[in-house]
Every structure is written in C-alpha cells, then in structure tokens.
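# Structural description and commentary
What follows is the residue order along each chain.
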Amino acid sequence: MATDLAPPPTKAASKSGHRRPGVGLRAVFGRYRWLYLMLLPGIVYFALFKYLPMYGVTIAFQDFLPFLGYSGSPWVGFKHFEELFAGPDFGRLMFNTLFLALLHMLIVFPAPIVVALLLNELRINILKRSVQSLVYIPHFLSWTIVAALTYVLFAADFGVLSGWIRDFLGDTSKIDYMAQEDWFRPLIILQQLWKLTGWGTIIYLAALAGVDPQLYEAARMDGAGRFKQLWHVTLPAIRPTIVVMAILASGNLLDSGFEQIWLMTTSLNRSVADVFDTYVYYSGITQGAISYSTAVGLFKGVAGVILIFGSNWLAKRLGQRGLF
Amino acid sequence: MKTMKHKKLNTEYSTVGSRVFDAINVAVLVGLALITVLPLLYVLAGSFAGESEISTRPFFLWPEKFVTESYEYIFATDAFIRALLTTVIVTAVGTVVQVLLTFTMAYPLAKRYLPGRALVLNLIIFTLVFTGGMIPTYLVVRDLGLLDSYWALILPLAINPFYLIIVKSFFQELPQALEEAARIDGCNEMGVFFKIVLPLSKPIIATFSLFYAVGIWNDYMSPLLYITDPNKWTLQILVRQLVSTDAANALSQMDRTWVPPEQGLKFAVVVIATLPILFFYPFLQKHFTKGVLIGGVKE
C-alpha cells in the first residue's frame, strides 16, 4: 500500500538496494533538491514565528530593554516569577483560570459526546443531516460576533433573553448581565456551548460510524435492547476517542481563550474575568511590562506542557492508549 | 439474510421505551438546531427593523415595518467601508498565502523517504505543545517591522500546524502510480506537485481555503495586537467597537446631523460580518467533514 516508502528511481540510483558510495550530504540534497526547496518557505515560517519566539522567552529572565536587545539586557534570574507568585494577582488569576477550565471540562467537553450519541440514534436521515448542518454554523462565527449576539440577547434595556428572565422571575429591575460578576462565568460557558458543541460532534460521529456492526448483532443476540447496546457497545467503542480528546483538552486547561474572555471583560467584572491569557496582554501590551508578562506566559506554557504529558501518563496508567 | 435483519430491527425499535426515546431525541435535537439559528435569524430581522421596534418587541423573526436605515447609515461612513475593504483584501491575499505555504510544505513531508523529514515533523509537532507565547511573538512581529502592516495579520498565522499535518496525511494517501507516471514523462517533483497532485486535491484545497479564510476574517487578536492605526481597523475590531461603546463614537467621522440608529447598527454590522461566511458555507459543507477527518481519526 504505502508505495512511497521507497524513493522514486532516478538515473543515478543503482539497481541493487545496497549503500552506494558517495551518498554524502551533498548528494542527498542534490537528489531531493526540489522537495527541499518546497520545504524551505515553511521552515522559514516555523523558524521565524514559532522558534524565534521560543528563544525570545529568555527575556522572562531579563529586565528587557528594547534598545539593549536580547543579548544586552541584564539577566535577573527568576525575579519576575517571584514577583508573579508573590504578587496579589496570582491567586485570583489561578482561581479564575482553573474555575473556568473546570466548568469547561464538566459541561462543555461532554456536550459534543452527548449530542453525537443522540445524532447517532436518529434514524431519519434528512433530519440528521439538517441538524448537523445547522449546529456546525457557530464554529465559523467569530468571538466578536458571539459577544455581539450575547449583548443583543442579554442587553439590560432591550435584550430578548434578559426580558424573558425578568418576566420569569417577576423582577422589574434591569440587570446588566455584561457588568455583573455573577453572570460572567455562566455567560462564558453558554457561549462556549453554543459555539463549540456542534463542531465537536464531528470527531465522535466519525468514531461512532467506525463501530463494527457485528458487535451490535452479537449484543442483540444476547438480548440487549437499545439502551444496553448504547452502554455496552457504543460507549466503550468511542472511549479511546474520548480519552485522546480529553488529553488534548487538558493541555489547554490554562488556555482560557484570549479572544472570548477579552471580549466579555468589562471594567465591572474584571475581578472574576482576569485569566492568565488576558493578564499577559494587559500587563505586556497595555502596561508595557514586557519581561514580567513574558514570565507569566512562560509559566502558563510550561504548566500546559506538564498537564498534557501528565494526563497522557495518567491515561496510560488507566489502561488507555494515550496520545504519545 | 437481509429481510431477517430488517425484521429484527423493526421489533427492536417498536417497543414503547424505544419509541418514547426516539420522540424525545427528535425533540431535543430539533431544539438544539433552533437554539443555534434563532439568535442569528433574530439579528437578521432586527437589522431591518426600526429603533423603536427593537426596543419594544421582545423577539421577532420578521420586522413589522421593513426599514434599511441601519444599513444606509453604516454604508455612509468611511470608517466602515474602509474596514470592510481591508478585511476582504487581507482575507483574500492571506488565504492564498496560507494555502500555498501549507500545501507546498505538506507535500515533501508526505514523502517517507525524504531524509530529514522526521526531524522537521517533530519540530512542527513540538510547536503544538509549546509556544513562545503572546509577548515574544509580538516582539518578533515588531522587530520585523510589521506593526501597523496588514502582513502582520497574515504572516504570523501563515501555516496552521494542525492543518499542515492533516494535508500531509492526505498526500500520503494519494496513489503513487500517478506521480511515477508523471516522473517518467520528465516532470520534476515541483512539476508533479503543481500538475498532478494539486489538481487531485481540489476538495481538500477548498476545505482548507475555507478554514483559513474564516480564520483571517474572524481574527480579532492579531489586529488588536498589531494594528494601532484606526484607519487600518478590520471588520472584527469595528464590530467590537460598535457593540461595546456607543455606536456613533465608533464611526466618528460621521455626519453629525444624522441621528444614528444605535441598536440597529449593532444588528446590521453583525449581519454584514457574518454574511460572507454563511454564503460560502453551503458550497463547502460537503467537503469539510471529510477534510477534518482525513488524518484526524487515524492519528
């Protein structure tokens, strides 16, 4: 099948598969020059915009002064990290970030699994396809649009949903949901459910389509009804997919999603809205504390790597296949 | 055999519990679909409604009186026209750059015999796990002199590593015989790529063009970070300005004698920023699930 395991024959290649004399670096480059040439722009991209910033992380250990540059700025060790950990913001940032992550894992993460299972049980094909087409749409809309929709629906004076909630509670006061600390997290989670759930079903639906029909046959022979089949055949079959998705999600635990949070932050809900992502922007770009905010970003990045490897290790310990 | 299976299925699905479940399932899923689209339809209806209707009627999918003042106001402002034009051009140019770079890089990476391929792949996968973060990336963009340049909205996002890996997996599945035939006819790798491989990849090119285009069109963070000149604002920034601050301020260069429709403006700008995506969506929908799953499931 995989015929490209062997290189294409060229005039220079000898018939026998033995190592030819004179296969130096230069010969290799000469032979594959077109492929390497095609690779070059991409490599430049990754070097410039991915690896150069990784090197730039060193300024977290400096008091970075732009006119002195990366090499000239004085090294200060872990000063900025100490400042972060000892500072008044750290506890609040950690709590806000982790609380949102917890809500995400408990509510937003399982939602596509449930919807995929329901879609899978839907036997009217036209309906199934229509529902799918519609629930995919929000994935393609920007967070600014989602924030605008939230505003339109929840605005204190003319919002549709805020009006309904008011009627339902028999309350006459107009609540400004965007400004209320208590409403920040529910709104964030609602937005994520609306935007992410439909698209998230794709991968689970594919896994469900791959389940061997013979397993269902066998279950039926043993007298399993639909619910028993769901529990004993379908769910175990997609468990590996769920585990992989969970590992991937765990790497993003500290990534609250800059755009969404930033767009929903107002001067009145900052105490619950500040997360690591927005804090890096705020302290680095608007306040100009470049080294300090790089240190915050680096802390977040390293913690994310530890989380992803940790959960992968855990998944393997629990007898799952894991990612690596 | 087939009829037997059918009979079994029918008896199984005709139990009371099973039927109740089916009914609830249909209701839940239709409800979900409605929750997805109703807000969008409401905004569309609201964008054609008058100010008083928006503030007095709680929910409607058809305006009582059909008015276009919100759109007239928006299209009469320089700030909006400029933002729209900027976003269209940046999206078009950016998508071409991104697709070209992604596909040319994915092709050699699909060749298992290429020396050094594993190293490059591992370096790419590492960027999925660890990144320099916002500030060091910002400094690179600044040092390259890209601040306040539209290239800052394109180049830092030129290759999405996830897409790259999916396209690479797709190339690996292509039949090799075709490429070999072309090589015998005297094509070099570059010729094979442009004459044979790319034409075969049209559906997946369409898919990733859509993904990339949507990404740039919707990008709010890059213009927020890299664009400080209000004359270079993109549509997403303008949407944000219109919704969060009072609308008249955001389109400040306006004719002050005309009272802007405060709420209607918000509805209209959401519609305009959403419309292109919803317009292309049906054409590409048949492709993207396949596009996402190639590689994705197998990995």
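It should be emphasised that the depicted structure is a prediction, and the values quoted were computed from it without experimental measurement.

Cut-offs used in this document
- Residues numbered from 1 in each chain as written.
- Chains lettered and ligands numbered in written order.
- Predicted model: local features only at pLDDT ≥ 70, side-chain atom pairs only at ≥ 80, totals over all residues.
- Heavy atoms only, no water.
- Contact = heavy atoms within 4.5 Å.
- Buried area = accessible area lost by both parts, 1.4 Å probe.
- Salt bridge = Lys/Arg side-chain N within 4 Å of Asp/Glu carboxyl O.
- Polar contact = N/O pair within 3.5 Å; in protein donor to acceptor, adjacent residues only side chain to side chain.
- Helix = DSSP H or I, 4+ residues; strand = E, 2+ residues; numbered from the N terminus.
- Nonpolar A, V, L, I, M, F, W, Y, C, P; charged D, E, K, R; others polar.
- UniProt positions renumbered as here; feature names shortened; annotations may be inferred.
- Domains from an automatic or database assignment.
- Core = buried A, V, L, I, M, F, W, Y, C linked by side-chain atoms within 4.5 Å.
- Buried < 20%, exposed > 50% of the residue type's maximum accessible area, 1.4 Å probe, protein only.
- Phe/Tyr/Trp six-rings, centres within 6.5 Å; stacked < 30°, edge-to-face > 60°.
- Lys NZ or Arg CZ within 6 Å of the ring centre and 35° of its normal.
- Patch = residues over 30% accessible without salt bridge, like charges linked within 9 Å, V, L, I, M, F, W, Y side chains within 5 Å.
- Areas by Shrake-Rupley, 256 points an atom, 1.4 Å probe, with all protein chains shown as cover.
- pLDDT = per-residue confidence, 0-100.
- Expected span 1.5 Å × (residues − 1).
- Bend = angle between axes of the 7 residues up to and from the residue.

The next point concerns the interface of chain B and chain A. Size of an interface: often given as the accessible area lost when the parts come together. The partner chain A presents 93 residues to the 102 residues of chain B that form the contact. When chain B packs against chain A, close to 8,800 Å² is buried across both sides, 77% of that on carbon and sulfur atoms. Between aspartate 22 of chain B and arginine 123 of chain A there is a salt bridge; the shortest N-O distance is 2.5 Å. Inspection of the chain B/chain A interface yields 17 residue pairs in polar contact (both at pLDDT 80 or more). Of all the elements, helix α2 (residues 16-47) of chain B adds the most residues to the side of chain B that touches chain A, at 18 residues. Grouping the constituent residues of the side of chain B that touches chain A by class yields 70 nonpolar, 19 polar and 13 charged.

Moving on, we come to the UniProt feature "transmembrane region" (unreviewed entry) in chain B. Under the feature "transmembrane region" (unreviewed entry), the UniProt entry names residues 20-45, 79-107, 119-138, 150-171, 192-217 and 264-284 of chain B. For residues 150-171 of chain B, the helix share is 50%, the strand share is 0%, and the end-to-end C-alpha distance is 31 Å.

Residues and elements named next belong to chain A. Within this numbering scheme, the UniProt entry marks residues 34-52, 59-78, 98-119, 140-165, 193-211, 231-254 and 289-315 as carrying the feature "transmembrane region" (unreviewed entry). Secondary structure across residues 59-78 divides into 20% helix and 0% strand, with the first and last C-alpha atoms of the span separated by 11 Å. Taken end to end, residues 140-165 is 69% helix and 0% strand, and its two terminal C-alpha atoms sit 28 Å from one another.

Residues and elements named next belong to chain B. What the domain assignment lists for chain B is domain 1 (2-56) and domain 2 (76-294). At the junction of the two partners, domain 1 supplies seven residues and domain 2 supplies eight residues. Both faces combined, the contact of domain 1 with domain 2 buries some 690 Å², and carbon together with sulfur accounts for 83% of it. Here domain 1 and domain 2 share zero salt bridges between them. Put simply, domain 1 and domain 2 have three residue pairs in polar contact (both at pLDDT 80 or more) between them.

Next up on the list: the nonpolar core. Counting 162 residues, the largest nonpolar core has Phe140 of chain A together with Phe103, Met105 and Phe171 of chain B as its most contacted members. Top contributing element to this core by residue count: helix α15 (residues 262-296) of chain B, with twelve residues. The residues that make up this core include at least three from each of domain 1 (2-56) and domain 2 (76-294) of chain B. If sequence neighbours within four positions are ignored, phenylalanine 103 of chain B has contacts with Val167, Phe171, Phe193, Leu198, Ser201, Ile204, Ile205 and Phe208 of chain B.

Our focus in this paragraph is the packing of aromatic side chains. Given two aromatic rings, their pairing is described by the distance between the two centres and the angle made by the two planes. Tallied over the full model, the rule gives 48 aromatic pairs over all chains. For the pair phenylalanine 85 of chain A and phenylalanine 90 of chain A, a centre-to-centre distance of 5.1 Å together with 80° between the ring planes defines the contact as edge-to-face. Assessed through its relative accessible area of 17%, phenylalanine 90 of chain A is described here as buried. An aromatic cluster is defined as three or more aromatic residues linked by ring pairs; in this entry it consists of Tyr136, Phe140 and Trp199 of chain A together with Tyr163, Phe208, Phe211, Tyr212 and Tyr281 of chain B. Between arginine 270 of chain A and the ring centre of tyrosine 282 of chain A, over which it is positioned, the NZ or CZ distance is 4.2 Å.

Here aspartate 148 of chain B, not a glycine, exhibits a phi torsion of approximately 65°, which is positive. With respect to the helices and strands, aspartate 148 of chain B occurs in the loop between α7 (134-143) and α8 (161-173).

In this section: the pattern of salt bridges. Residues and elements named next belong to chain A. Applying the stated rule across the entire model yields 15 salt bridges over all chains. Aspartate 274 serves as the salt-bridge partner of arginine 270, at 3.0 Å between the closest nitrogen and oxygen. Arginine 270 gets classed as partly exposed once you look at its relative accessible area, which sits at 25%. Through salt bridges with shared partners, a single ionic network connects Asp89, Arg92, Arg270 and Asp274.

Right, let's talk about a nonpolar patch on the surface for a bit. Residues and elements named next belong to chain B. Where nonpolar side chains cluster on the molecular surface, the patch consists of Leu85, Val88, Ile89, Val93 and Trp151 and spans about 460 Å² of accessible area. With respect to the helices, strands and loops of the structure, valine 88 is situated in helix α5 (residues 78-109). The exposure class assigned to valine 88 is partly exposed, which follows from its relative accessible area of 41%.

Moving on to the environment of tyrosine 55 of chain A. Residues and elements named next belong to chain A. Topologically, tyrosine 55 is positioned in helix α2 (residues 33-56). Given a relative accessible area of 48%, tyrosine 55 falls into the partly exposed group. Sequence-wise, tyrosine 55 and isoleucine 188 are 133 residues apart; in three dimensions their C-alpha atoms are separated by 34 Å.

What follows is about the environment of methionine 105 of chain A. Residue and element names in this part refer to chain A. Note that methionine 105 resides in helix α5 (residues 90-108). For methionine 105, a relative accessible area of 24% gives the class partly exposed. Linking methionine 105 and aspartate 63, residues 42 residues apart in sequence, is a C-alpha distance of 37 Å.

Residue and element names in this part refer to chain A. Of all residues in chain A, 93% attain a pLDDT of 70 or more, and the chain-wide mean is 88. Mean pLDDT in chain A bottoms out at helix α1 (residues 25-31), which sits at 82, and peaks at α2, which reaches 96. Every residue in residues 11-17 scores below 50 in pLDDT, and together they form four contacts with partners more than four places removed in sequence or on other chains.

Once that is clear, we can look at the side chain of asparagine 269 of chain A. Residues and elements named next belong to chain A. Mapped onto the elements of the fold, asparagine 269 is located in the loop between α13 (258-264) and α14 (270-273). With a relative accessible area of 1%, asparagine 269 lands in the buried category. Polar side-chain contacts of asparagine 269 include one of 2.8 Å to the backbone nitrogen of threonine 266. Aside from chain neighbours lying at most four places away, what touches asparagine 269 is Met178, Ala179, Gln180, Glu181, Phe184 and Met264.

A few words now on α2 of chain B. The α-helix winds at 3.6 residues per turn, so residues separated by three or four positions along the chain end up facing the same way. The terminal C-alpha atoms of α2 of chain B, which comprises 32 residues, lie 46 Å apart, in line with the 46 Å expected from a rise of 1.5 Å per residue. Along α2 of chain B, the sharpest change in direction is near 30° and occurs at valine 37 of chain B; proline proline 39 of chain B comes one to four residues later.

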